[in-house]
Amino acid sequence: MVNGRDRPGLLFELTRALTTLNLQISSAKISTYGEKVVDVFYVKDLFGHKVEHDRKLQDIRDHLVNVLAEPAQGTKATAARRRAALAPGCGG
C-alpha cells in the first residue's frame, strides 16, 4: 500500500518504479481522496511468484518512497510535505 500526496503523473511514476524493479503488477486498487492517494499494488516477480525476500521488499519500499518524495514538476513543494508511509508487506 502506498499513501502520499497526489500530483500529476504520480501513478505513472509509481508503476514505472515497480516495472523498473522487474515486478509484474497483477492488479491495483487506486484511490484518491482530495490531495491524498491510497494506492494498493499487488505485484509478483518475473516468475509470477510472491516477493518475500527481505532485501527485495526493502528495495521496493526505497524506490516507492523516492518517487513519493520527488517534488511535483512546476511547483516548489518540498519533500517534507510529501512524506508517505508504506504499509508493511508491500511486496505481495
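Residues numbered from 1 in each chain as written. Predicted model: local features only at pLDDT ≥ 70, side-chain atom pairs only at ≥ 80, totals over all residues. Heavy atoms only, no water.

> Run through unusual backbone geometry, naming residues and quoting values.
Positive phi is not limited to glycine here, since N22 has a value of about 60°. Relative to the elements of secondary structure, N22 occurs in the loop between α1 (10-20) and β2 (24-33). (Helix = DSSP H or I, 4+ residues; strand = E, 2+ residues; numbered from the N terminus.)

> Which residues make up the pairing of strand β3 (residues 36-44), and what are the values?
Where strand β1 (residues 2-5) lies against β3, four bridges are found, and the strand directions are antiparallel. Bridging across to β3, V2 finds its partner in D39. Bridge analysis of β2 against β3 gives nine bridges, and the strand direction is antiparallel. If you follow S27 over to β3, its bridge partner there is Y42. Hairpin connection of β2 to β3: two residues between the antiparallel strands, including G34 at a positive phi of 65°. (Pairing = 2+ DSSP bridges.)

> Tell me about the packing of α1 against helix α2 (residues 54-69), residues and numbers included.
Packing of α1 against α2 brings their axes to within 10 Å, and their N-to-C directions diverge by 155°. Compared by their axis directions, α1 and α2 come out roughly antiparallel. The element α1 and its partner α2 pack so that their crossing is right-handed. Here L10, E13, L14, A17 and L18 of α1 lie close against α2, whose contacting residues are I60, L64, V67 and L68. Residues of the contact of α1 with α2, tallied by class, amount to eight nonpolar, no polar and one charged. (Axes fitted to C-alpha atoms, helices over the stretch in contact; angles between N-to-C directions. Parallel < 35°, antiparallel > 145°, perpendicular 65-115°, else oblique. Left-handed = near helix turned anticlockwise from the far one by under 90°. Contact = heavy atoms within 4.5 Å. Nonpolar A, V, L, I, M, F, W, Y, C, P; charged D, E, K, R; others polar.)

> Lay out the environment of K44 with the relevant residues and their values.
Along the polypeptide, K44 turns up in strand β3. Judged by relative accessible area, which is 33%, K44 ranks as partly exposed. Along the chain, K44 and I25 lie 19 residues apart, while their C-alpha atoms are 6.6 Å from each other. (Buried < 20%, exposed > 50% of the residue type's maximum accessible area, 1.4 Å probe, protein only.)

> Before we move on, could you go through the confidence of the model for the protein and cite the residues and values that matter?
The predicted model of the protein averages 84 in pLDDT, with 77% of residues at 70 or higher. Confidence drops under pLDDT 50 across residues 74-85; counting only partners more than four residues distant or on other chains, this segment forms 19 contacts. (pLDDT = per-residue confidence, 0-100.)

> Report on the pattern of salt bridges, specifying residues and quantitative values.
Counted under the stated rule, the structure contains two salt bridges. The residue R5 makes a salt bridge to E35 at a minimum N-O spacing of 2.7 Å. Of the two residues, R5 sits in strand β1 while E35 sits in the loop between β2 and β3, which places them 30 residues apart along the sequence. What makes E35 partly exposed here is its relative accessible area of 49%. (Salt bridge = Lys/Arg side-chain N within 4 Å of Asp/Glu carboxyl O.)

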